Amino acid sequence: LLSIAEAKRLALIESAIRRERTVSQVADLLGLSERQVKRMKKGVREHGPEYLIHGNRGRTPSNAISKAAKETILAMATGDFRETSCEHMSELLMEHKNITVSGKSITRILRGAGVRLRYTKKQARRRRSRERMPRRGMLIQCDASPCSWLEERGPKMALHGAIDDATGQVVALCFRPNEDLHGYLVMLKQVIKNHGVPRALYSDRHTIFFSPKKDKLSIEDELAGKLVPLTQFGAALSLLGITHIAARTPQAKGRIERLWETLQSRLVVELRIAGVNNMDEANAFLPGFIARFNERFAVKPKEPQDEFRSPPDAETVDEYLSYREKRSASGGSTISYYGYTYQLVDQRGRVLSLRPKASIELLTKLDSTIKAVYQGQTYDLRVLSKPEKQMGSLQKNGNHISIPNKPGPAHPWRQFKPRQ
């Protein structure tokens, strides 16, 4: 059975054999010399696909643990060496049995045999705190925290937030019913409006940020150089020139995680004192709270230079921070979107003539206004009204005559019989 890498290689070699690609093209795609590609072509012709399988496939490794050693480990683990950790057992085996085996290998052997391990809980990893970024705006950490922020006075909400790594300054906070794309776009808009465009943004690997299909590309797609499409949020960051960094553990973005611990003790109390009972009131309360919080907890950066970049104009930022969806034009120069039919209108109010099946990108802004992008230009949308359909009845002499909505028994459609 070929591995994924071997299957990719075979597909390219066979394309060279069929003369669909030249040897030079295949060599470039595989990162090999033309001489190696020629050798593989000859081998596949003479011996088949098995020629590309590594020669050590199926052989027992020279450093594999012997069966006798495994039996000794199992006997000692249930005998004299019982109740010891696997690392300690590794030392005892070397000292008393002259068997060299790592603690991880012992763990694997014992678990495979169903032997219960006493010391299975991992100790807390020793970590070294990462130094803050030297300049403000070099790195922003973002996340969301679902919590009963209003206690019993209101619904449970998710607080979307961002913090500057260099100063610990809270640069954005936004309440939403749940963690969602809209909340993160509003958060990013706050950052840009109040501070500027940051150099990089650090987040977890939620599907709002990164596509879950990144490991599901086919061999043909990878050979063609295709990439997984960006998410809506990832596309906005790309347009703004913000580097997106994925954290693999909560500890990696510890600054924003510690912020939630602080806010869940401080903000909840302040919302209670202020008598805030709903999400709109809570969002209106946040700007003043952020100012007081930063005055109390923010620190000075090591270097005074600011890495926040000047943002584009407000209209461009609104377009970047929009939901983007593709639609195809009909033969009547219209597009359909959520049950409505629209026409594209230019700045002079003229209806735009569209090529049938032309691709139109619709931008739904955070304020729910919709724009259309066609051939690099942005246009307004006008709803095209359609005549109402008849309700299925005619009126004659003051009486309603029903029109049958279904074909009768004599209709040709009713006479159709499938072939046996």
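Structure: above.
### Describing the side chain of Q343
Reasoning step 1: The residue Q343 is located in strand β8 (residues 340-345) in this model.
Reasoning step 2: Residue Q343 is classed as buried on the basis of its relative accessible area of 15%.
Reasoning step 3: Not counting residues within four places of it along the chain, the set of residues in contact with Q343 comprises S333, T334, V351, D380, L381, R382 and L384.

### Topic: the pattern of salt bridges
Reasoning step 1: Per the stated rule, a full pass over the model turns up 18 salt bridges.
Reasoning step 2: One salt bridge connects D318 with K189, and the closest N-O pair in it is separated by 3.1 Å. Residue D318 is located in helix α12 (residues 314-320), and its partner K189 is located in helix α7 (residues 181-194); the two are separated by 129 residues in the primary sequence.
Reasoning step 3: Using a relative accessible area of 25% as the deciding quantity, one classes D318 as partly exposed.
Reasoning step 4: Among the salt bridges present, the one from E361 reaches R324, with a minimum N-O distance of 3.3 Å.

### A closer look at the sheet that holds strand β11 (residues 377-383)
Reasoning step 1: Pairing within the open sheet is antiparallel, and its 6 strands lie in the order β6-β9-β10-β11-β8-β7. Every other strand in the sheet has two partners, leaving β6 (323-328) and β7 (335-337) as the edge strands with one partner each. The mean inter-strand angle of the sheet, taken between neighbouring strand axes irrespective of direction, is 40°.

### Re the sheet that holds strand β3 (residues 170-176)
Reasoning step 1: If you trace the 5 strands from one edge of the open sheet to the other, you get β3-β2-β1-β4-β5, paired in mixed fashion. In the strand order of this sheet, the two ends are held by β3 and β5 (243-246), each with one partner. Neighbour to neighbour, the strand axes of the sheet diverge by 20° on average, direction disregarded.
Reasoning step 2: Along the sheet face, α7 touches β1 (140-147), β2 (157-164) and β3 and points at about 150° away from the line of β3.

### A word on the environment of I192
Reasoning step 1: Note that I192 resides in helix α7.
Reasoning step 2: By relative accessible area, I192 is classed as buried at 4%.
Reasoning step 3: Placed 122 residues apart in sequence, I192 and A314 show a C-alpha to C-alpha distance of 9.8 Å.

Conventions used here
- Residues numbered from 1 in each chain as written.
- Predicted model: local features only at pLDDT ≥ 70, side-chain atom pairs only at ≥ 80, totals over all residues.
- Heavy atoms only, no water.
- Helix = DSSP H or I, 4+ residues; strand = E, 2+ residues; numbered from the N terminus.
- Buried < 20%, exposed > 50% of the residue type's maximum accessible area, 1.4 Å probe, protein only.
- Contact = heavy atoms within 4.5 Å.
- Salt bridge = Lys/Arg side-chain N within 4 Å of Asp/Glu carboxyl O.
- Pairing = 2+ DSSP bridges.
- Axes fitted to C-alpha atoms, helices over the stretch in contact; angles between N-to-C directions.

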